[in-house]
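# Descriptive structure summary
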Amino acid sequence: MTFNLETAEHPEKLRRVAIDPVSRVEGHGKVTLLLDEHNKVHQVRLHIVEFRGFEKFIQGRPYWEVPVMVQRLCGICPVSHHLAASKAMDQIVGVRHLTPTAEKLRRLMHYGQMLQSHALHFFHLCSPDLLFGFDSDVAKRNIVGVAEKHPETAKKGVLLRKFGQEVIRMTAGKRVHGTGAIPGGMNKALSRAERDELLKDIYHIVAWSREAVHLARELHATNPGLYNSFGVFRSNMMSLVGIDEQGPGTLDFYHGSLRARDDNGKLLFDGVDYCNYQQVIEEEVKSWSYMKFPYIKAIGKAQGWYKVGPLARVQNCDRIPTPLAEMERRDFVDYAGGTPMHAPLAYHWTRMIEMLHAAETIKDLLHDDDVLNGEQLVEQGERAWEGVGVIEAPRGTLFHHYQVNEDDLVTMCNLIVSTTNNNQAMNEAIRHVARRYLHGREVTEGLLNHIEVAIRAFDPCLSCATHALGKMPLEVELVDAGGERIHALARQ
Amino acid sequence: MSRAVAPLVIFAVGNPSRGDDALGPRLAEQLAALPPTPAWELVEDFQLQVEHSLDLCDRQLALFIDAGSGTPAPFSFYPLNPRAAFGPSSHALAPEAVLAVFAQTQQAAPPPAYVLCVRGEDFSLGAPLSPAAETHLAAAWAQLETLLAQPTPAAWAALATAAPDPR
């Protein structure tokens, strides 16, 4: 399937604009725009190459190494990979249900991860755009600018992030490369001192998270014309939903079954065991991108693509099982007017609702003495040869699928990461922005920032897992039809 | 009672599974193998983030060790100034940006800070250190030993070259 603006008819006659975060080092992405001599946009593509090779890298490794090794996939959400792999390896060691202590400790670790990642994203990546506007001076459109105008906001962002990291450190054992989750359970509980240390701050964390939701809501209310329409496209939505005492349909980042809705909110599938994900999802390969394009099988490539992450999760679920976040979810649903909200900038609002939910959940778990029980951490079962672990990572649904042979070595690994799930959605968002803001206009730094604003709403894993000094974080090139570089813009 | 803070904080950054990106972690390993000292504290991570600004609190000196691509060989050692950075995703901050976060959130000047940037050549997934990076590692370690022998802003200033053009 070729989408509008995905492939130009005569690319050789067009000039190319590349937005390239870093070149050469594997683990990044770039945007290319093909424009004609009148600056009319003919083709827009987001290229992401980061996960090339990792599935092969895992093959041949002992299964018990995998939960630790996969943390090197991503420097920003290693816990998500750690836990998704651990869930898959639980099945390999024949464990379908963890001990209550192990599950609560894993949840604590995961919700700490959600909190820190969401805090980082909003306060230090998106709030500069949202608070100052997309065309504001670059020097202001960053944390310095936010801090000058909203000094407490930036400081709280750092402390929220730090708190989440501390939750991870105490549950995983280390600040990085932690080993908390193991096949079948966990290898440590919280000590009473660790629990008490976290409890000292948790009420501030909940309060600050709630303030962040209100800030995001206020931004939408201030300029609904912009926030409700910028980069907007309609699509299906997919996520895990959990089960609680009210039945299925609750927001759950750690465990559940797969649910998808169409762009009007109608259920496409529900209650799908994620071990059978290949019955409902297929992945398409396109010649111009290293990253695959997943879609819902029953609908097909043309219409079956979907979005994942906070905007999908908050609208896919029926309720949030913590009171403050549930109140904010209802507020969001009311704002959307009873129909699904598809605006990419609404990711920020829903991300903050999720951050509040993560904070409330951490509070509840810290008050549960099960997390202190170091006696019941691991279950055992009958050895199996295949395992699928699925989790809701900060940026969306994350699939880890492994097969293991009789020598305990991984023979097959298939990963569908959140950014892959959002691949088509991100492409659609930037095409919409290109049509709306760039078409027929001289390309300027401010206009190109509009493209980045759309990308940042999804916060894709563009540069995770590797980096190096000496690389420009962002470079924009205009290349003419003959391949000659005629103009460049650089971002420091 | 407040915790005693080492006057020097050393950040060693990189992904050990990505070829020469392991230069930072390799130097961190060598540092960690030294006898414990109250003179400095080592912070190792995949990449720098906003919370690392908190590790700068109450320090007298900071060092950021990282691999470089297309940077001088075998290494460069230069001073840093706060500079806000702004990228397309939230995955990493430049050392200058960590200083900027400190300056803004603490409402104070960060401690004098330097970068030890060790040139890498191959950042492929699963690759070992390249032969060139092995050589650069040895040279960087010698430089690090010199720095740790005199961990003062004045001594480091005398050893430093000019910071590269951020462009």
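Residues numbered from 1 in each chain as written. Chains lettered and ligands numbered in written order. Predicted model: local features only at pLDDT ≥ 70, side-chain atom pairs only at ≥ 80, totals over all residues.

### Examining the overall build of chain A
- Within chain A, the secondary structure is distributed over 14 helices and 17 strands.
- The buried share among the 492 residues of chain A stands at 54%.
- A separation of at least 24 residues holds for 70% of the contacts in chain A among residues at least 6 apart in sequence. (Helix = DSSP H or I, 4+ residues; strand = E, 2+ residues; numbered from the N terminus. Buried ≥ 20, exposed ≤ 12 C-beta atoms within 10 Å, placed from the backbone. Contact = placed C-beta atoms within 7 Å.)

### Describing the confidence of the model for chain A
All names here are of chain A.
- Confidence along chain A averages 84 in pLDDT terms, with 83% of residues attaining 70 or more.
- Here residues 463-467 is a poorly scored stretch, pLDDT under 50, and it has 30 contacts once near neighbours within four places are set aside; other chains count.
- A low-confidence stretch, residues 471-476 stays under pLDDT 50, and its non-local contacts, those more than four residues away or across chains, total 25 contacts. (pLDDT = per-residue confidence, 0-100.)

### Brief notes about the environment of Arg-61 of chain A
- Along the chain, the position of Arg-61 of chain A falls in the loop between helix H1 (54-58) and helix H2 (66-69).
- Setting aside chain neighbours within four positions, we find Arg-61 of chain A in contact with Val-66, Met-69, Leu-409 and Val-410 of chain A.

### Quick look at the packing of helix H1 (residues 23-32) of chain B against helix H3 (residues 131-149) of chain B
Residues and elements named next belong to chain B.
- Two numbers describe how H1 lies on H3: the axes approach to 11 Å, and their chain directions differ by 45°. By the angle class used here, H1 and H3 are oblique. Classified by chirality, the crossing of H3 by H1 is right-handed. Listed contacts from H3 to Leu-23, Arg-26, Leu-27 and Gln-30 of H1 are Ala-133, Leu-137, Ala-140, Trp-141 and Leu-144.
- The residue inventory of the contact of H1 with H3, partitioned by class, reads seven nonpolar, one polar and one charged. (Axes fitted to C-alpha atoms, helices over the stretch in contact; angles between N-to-C directions. Parallel < 35°, antiparallel > 145°, perpendicular 65-115°, else oblique. Left-handed = near helix turned anticlockwise from the far one by under 90°. Nonpolar A, V, L, I, M, F, W, Y, C, P; charged D, E, K, R; others polar.)

### Side note on the nonpolar core
- Formed by 176 residues in total, the largest nonpolar core has its most connected members in Leu-115 and Ile-430 of chain A together with Leu-63 and Leu-116 of chain B.
- A per-element tally of this core places helix H11 (residues 346-366) of chain A first, with 12 residues. (Core = buried A, V, L, I, M, F, W, Y, C linked by C-beta atoms within 7 Å.)

### A closer look at the environment of Gly-68 of chain B
- Secondary-structure assignment places Gly-68 of chain B in strand E3 (residues 61-69).
- On a C-alpha basis, the gap between Gly-68 of chain B and Phe-11 of chain B in space is 15 Å, while along the polypeptide they are 57 residues apart.

### Quick look at the environment of Leu-46 of chain A
All names here are of chain A.
- Examined against the element boundaries, Leu-46 turns out to sit in strand E3 (residues 41-48).
- For Leu-46, a count of 27 C-beta atoms within 10 Å corresponds to the buried category.
- In this structure the C-alpha to C-alpha distance between Leu-46 and Ala-454, which are 408 residues apart in sequence, comes to 11 Å.

### Details of the sheet that holds strand E5 (residues 113-120) of chain B
Residues and elements named next belong to chain B.
- The strand order across the open sheet formed by five strands is E2-E1-E3-E5-E4, and the pairing between neighbours is mixed. Of all strands in the sheet, those bounded by a partner on one side alone are strand E2 (40-45) and strand E4 (75-80). Along the sheet, successive strands turn relative to each other by an average axial angle of 20°, direction set aside.
- Of the strand pairs in this sheet, E4 and E5 are connected by six bridges, and their pairing is antiparallel. Bridge pairing links Phe-77 to Leu-116 in E5.
- Of the strands in this sheet, E2, E3, E4 and E5 are in contact with H3, which crosses E5 at around 160°. (Pairing = 2+ DSSP bridges.)

### Structural notes on the pairing of strand E7 (residues 247-250) of chain A
Residue and element names in this part refer to chain A.
- When strand E6 (residues 236-244) meets E7, the two strands line up antiparallel, connected through three bridges. Bridge pairing in E7 places Gly-242 opposite Thr-250.
- Taken together, E6 and the strand that follows it, E7, pair antiparallel across an intervening segment of two residues.

### Some words on helix H14 (residues 445-458) of chain A
Residues and elements named next belong to chain A.
- Across its 14 residues, H14 extends 21 Å between first and last C-alpha, which sits within 8% of the 20 Å expected from 1.5 Å per residue.
- Within H14 the residues assigned to the buried category are Leu-448, Asn-449, His-450, Ile-451, Glu-452, Val-453, Ala-454, Ile-455, Arg-456, Ala-457 and Phe-458.
- Residue Asp-459 follows H14 closely and has a positive phi angle near 50°. (Expected span 1.5 Å × (residues − 1).)

### Regarding the packing of helix H10 (residues 323-336) of chain A against H11 of chain A
Residue and element names in this part refer to chain A.
- Between H10 and H11, the least distance of the axes is 8 Å, while the angle of their chain directions is 165°. Here H10 lies roughly antiparallel to H11, going by the angle between them. For the crossing formed where H10 meets H11, the hand is left-handed. For the pair formed by H10 and H11, the contact residues are Leu-324, Ala-325, Glu-328, Arg-329 and Phe-332 on the first element and Trp-349, Thr-350, Ile-353, Leu-356, His-357 and Glu-360 on the second.
- Taken together, the residues of the contact of H10 with H11 break down into six nonpolar, two polar and three charged.

### So, the sheet that holds strand E14 (residues 396-404) of chain A
All names here are of chain A.
- If you walk across this open sheet you meet the three strands as E13-E14-E15, and the pairing is antiparallel. If you trace the sheet from one side to the other, it starts and ends with strand E13 (386-393) and strand E15 (410-416), each paired once. Between one strand axis and the next, the sheet turns through 15° on average, direction left out of account.
- With eight bridges joining them, E13 and E14 adopt antiparallel strand pairing. Within E14, the residue paired with Glu-392 across the bridge is Thr-397.
- Together, E13 and E14 form the strand contacts of helix H3 (residues 78-92), whose direction differs from that of E13 by roughly 150°.

### Quick notes on unusual backbone geometry
- The peptide bond linking Ala-73 of chain B to Pro-74 of chain B adopts the cis configuration, its omega dihedral lying at -5°.
- Summarising the element assignment, Pro-74 of chain B is placed in the loop between E3 and E4.
- At Asp-408 of chain A, a residue that is not glycine, the phi angle is positive and equals roughly 70°.
- Within the secondary structure, Asp-408 of chain A sits in the loop between E14 and E15.

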